[in-house]
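Observations on the three-dimensional arrangement
Spelled out, the chains give:
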Amino acid sequence: ESFKVEVEAQLDAMTKEDLIYRADTAATFRFKHGLTREVVYESVLIAERKLLHGRVAQVIEQMTGAEDNMQTAEALAYHYRGSGDLARAAQYAELAGDRAMTVSALDRACDHYLVAMNALDAMPVSTETRRKWLAISAKWGLPFVFSPVQSDSKLQVLHMAARYADELGDVEGARDLLAKVYAVYSRTRLPSDLDLQRARINLGTTLKRLGDVDAAVRLTREGHDALLAVLPTDHPDLIRAQYSLAT
């Protein structure tokens, strides 16, 4: 009780100094200026910061209960990431994405799913984390049925998904993802674009592994010839294409 009184007194003093203000959400205060928040945050030692993030996350869970965690998933993802608990950060970021999807906040959902995937990428590599990453990336890609992927950052997610699928032995899944990348580059890039030719070669190489030799040779040859016009003969992309054509 005395601790609660002390905290309330400190909050009241900070409010009077115009450093913070009471937010609309119950029992929530926000810094009035972002710079003030950054200075205060950076002044806390990293080890202590991680402990505080963990304690805040635990308090939020205790106050909201399991049934209400979806409403605070974004905050929990943030604080668990700050505490170093990457597994829970990914869990709650995915939950926040699911919540955003239910209200058709598609851009926000994608942002939350990316936070979840980044948290998984920061964890030790395992089959479980890779499969979880791919499952979340599938949710991340749902909004682009209506709004096609075009930005480089979003295409990078598809590249990573194809690589992870390949690592897990899902060559057909990798092919489908590489086909999406190639389709986007074909629509948005000039014929001489290097990324377009790399996407063409990557898809061709994967098709060859699946036994679609004719399409594989055609795509790889087209990519190789286009790159040969602009790259030195010892460039890794050309060597890889030549190797694929020769084997």
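Above: the structure in question.
Residues numbered from 1 in each chain as written. Predicted model: local features only at pLDDT ≥ 70, side-chain atom pairs only at ≥ 80, totals over all residues. Heavy atoms only, no water.

It is worth spelling out unusual backbone geometry at this point. One non-glycine residue with positive phi stands out, namely Asp-18, at about 65°. Within the element layout of this structure, Asp-18 appears in the loop between α1 (2-16) and β1 (20-22). Since its relative accessible area comes to 40%, Asp-18 is described here as partly exposed. Unlike most non-glycine residues, Ser-104 shows phi in positive territory, near 60°. Checked against the element boundaries, Ser-104 lands in the loop between α5 (86-102) and α6 (106-121). (Helix = DSSP H or I, 4+ residues; strand = E, 2+ residues; numbered from the N terminus. Buried < 20%, exposed > 50% of the residue type's maximum accessible area, 1.4 Å probe, protein only.)

Attention now goes to the packing of helix α10 (residues 194-209) against helix α12 (residues 236-246). One way to put it is that α10 packs onto α12 with a least axis distance of 11 Å and a crossing angle of 30°. Here α10 is positioned roughly parallel relative to α12, judged by the angle of their axes. Viewed along their axes, α10 and α12 form a crossing whose handedness is left-handed. The segment α10 lies against α12, with Arg-198, Ile-201, Asn-202, Thr-205 and Lys-208 engaging Asp-237, Arg-240, Ala-241, Ser-244 and Leu-245. For the contact of α10 with α12, the class distribution of residues is three nonpolar, three polar and four charged. (Axes fitted to C-alpha atoms, helices over the stretch in contact; angles between N-to-C directions. Parallel < 35°, antiparallel > 145°, perpendicular 65-115°, else oblique. Left-handed = near helix turned anticlockwise from the far one by under 90°. Contact = heavy atoms within 4.5 Å. Nonpolar A, V, L, I, M, F, W, Y, C, P; charged D, E, K, R; others polar.)

This part takes up the side chain of Arg-130. Structurally, Arg-130 can be placed in helix α7 (residues 127-141). Residue Arg-130 is classed as buried on the basis of its relative accessible area, which comes to 11%.

We now examine the nonpolar core. The biggest cluster of nonpolar side chains holds 46 residues, and the ones touching the most others in it are Trp-133 and Trp-140. Membership of the second largest hydrophobic core comes to five residues, among which are Leu-227, Leu-231, Leu-238 and Ala-241. (Core = buried A, V, L, I, M, F, W, Y, C linked by side-chain atoms within 4.5 Å.)

Moving on, we get to the pattern of salt bridges. Pairing is possible between side chains that carry opposite charge, provided their charged atoms lie close to one another. According to the stated counting rule, one finds 22 salt bridges in the structure shown. A salt bridge links Arg-189 to Asp-193; the nearest nitrogen and oxygen atoms lie 3.2 Å apart. The class of Arg-189 is partly exposed, set by a relative accessible area of 22%. With a shortest N-O distance of 3.4 Å, Arg-198 and Asp-195 are connected by a salt bridge. Placement of both Arg-198 and Asp-195 in helix α10 is noted, with a separation of three residues, approximately one turn of the helix. Of the residues examined, Asp-195 reaches a relative accessible area of 29% and is grouped as partly exposed. A cluster of three or more residues bridged by salt bridges with shared partners is formed by Arg-189, Asp-193, Asp-195, Arg-198 and Asp-237. (Salt bridge = Lys/Arg side-chain N within 4 Å of Asp/Glu carboxyl O.)

The next subject is α6. With 16 residues, α6 should cover 22 Å at 1.5 Å per step; its first-to-last C-alpha distance of 22 Å lies within 8% of that length. Those residues of α6 hidden inside the fold are in contact with α4 (73-83), α5, α7 and α8 (152-167). (Expected span 1.5 Å × (residues − 1).)

What follows covers the packing of aromatic side chains. All told, the structure shown has two aromatic pairs when counted by the stated rule. An angle of 5° between the planes, with centres 5.9 Å apart, marks the rings of Tyr-80 and Tyr-92 as stacked. Within this pair, whereas Tyr-80 is found in helix α4, its partner Tyr-92 is found in helix α5, the two being separated by twelve residues in sequence. Judged by relative accessible area, which is 3%, Tyr-80 ranks as buried. We classify Tyr-92 as buried; its relative accessible area is 4%. Pairing Trp-133 with Tyr-164 gives two aromatic rings, centres 4.7 Å apart and planes at 80°, and the pair type is edge-to-face. Here Trp-133, found in helix α7, pairs with Tyr-164, found in helix α8; they are 31 residues apart in sequence, far enough to count as distant. Across the pair, Tyr-164 and Trp-133 agree in class, each one buried. Above the plane of the ring of Tyr-41 lies Arg-37, whose end atom (NZ or CZ) is 5.2 Å from the centre. Positioned over the ring face of Tyr-164 is Arg-130, at 3.8 Å from the centre of the ring. (Phe/Tyr/Trp six-rings, centres within 6.5 Å; stacked < 30°, edge-to-face > 60°. Lys NZ or Arg CZ within 6 Å of the ring centre and 35° of its normal.)

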